[in-house]
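Residue-level structure breakdown
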Amino acid sequence: MYAVGASLAEINPLVTTPDGKVQALDAKIVVDDNELDRRPDVAALRDPSAEAPAEVLARESGLTFIKLDGFVGCCVNGAGLAMATMDLVKYYGGDPANFLDIGGSSNPQKVVAALRIITGDPNVKAILFNIFGGITRGDDVANGIVQATQQVPLKVPIVIRLTGTNEREGIEILKKAGFPALTDMDEAVKQAVAKAKGAA
């Protein structure tokens, strides 16, 4: 189990036949995704057709994504901020549709992939971008949002909160493209929940 980085190896059910033989009728193994770079032989066994398309796109794009049952699509940079964002969505009466972390990269293509994933969920009634620029540059995220909305036309409202590194440049890029941007996290979450409920 440790040799392949498995977090679970299970035989279930295991039966005894009438003639006394022991047989494994089914088995599964769960391998930590972080282990796959070290074990390409194990990674080669992965069957993407057995996974949700959104999860495959997220993995290929370097995003962390978990589908949830709510109606506010969240795109955030950083796991801690993503958790806080989901908590605030709940606090203000909404339900998050996903956990989607674009990470610390300033790659606009990650934003394009993130928007494709979120807009592919029919339950999403509004999209919330909550970006705090540290390593991530606000202008790169803003360019990604503009590119993404050109490639993936929006059918639901979008609320953008952008603060931190290159905040001013990012907000200017968004304004030129017709997107207002907020700097207050609470206000952005409130607006996203209100817009999602208005669209429901």
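The paragraphs below set out a description of the structure included in this document. All residue numbers refer to position in the chain's written sequence, counted from 1. Only residues with pLDDT of at least 70 get local features here, since the model is predicted, and only at 80 or more are side-chain atom pairs given and counted; chain-wide, interface and lining totals rely on the full set of residues. To obtain the side-chain values, all non-hydrogen atoms of the structure were included, while hydrogens and water were left out.

Below, the discussion takes up the pattern of salt bridges. Only one rule defines a salt bridge in this text: a Lys or Arg side-chain nitrogen within 4 Å of an Asp or Glu carboxyl oxygen. This model, assessed by the stated rule, comprises 8 salt bridges. Here Arg38 makes a salt bridge to Glu35, at a shortest N to O gap of 2.8 Å. When the shortest N-O distance is used, the salt bridge between Arg137 and Asp140 registers 3.8 Å. Several salt bridges converge on common partners, so that one network encompasses Arg46, Glu51 and Arg59.

Pairs were defined over the aromatic rings of Phe, Tyr and Trp, the Trp ring being its six-membered one, requiring ring centres within 6.5 Å. Orientation was assigned from the angle between planes: stacked under 30 degrees, edge-to-face over 60, tilted for the rest. Throughout the structure, instances matching the rule amount to 1 aromatic pair. Their ring planes at 80° and their centres at 5.0 Å tell us that Tyr91 and Tyr92 sit as a pair that is edge-to-face. For every residue, the accessible area (1.4 Å probe, protein chains only) is compared with the maximum for its type, and the residue is labelled buried under 20%, exposed over 50%, or partly exposed between those bounds. Residue classification places Tyr91 among the exposed positions, given a relative accessible area of 64%. Classification of Tyr92 by relative accessible area gives partly exposed; the value is 24%.

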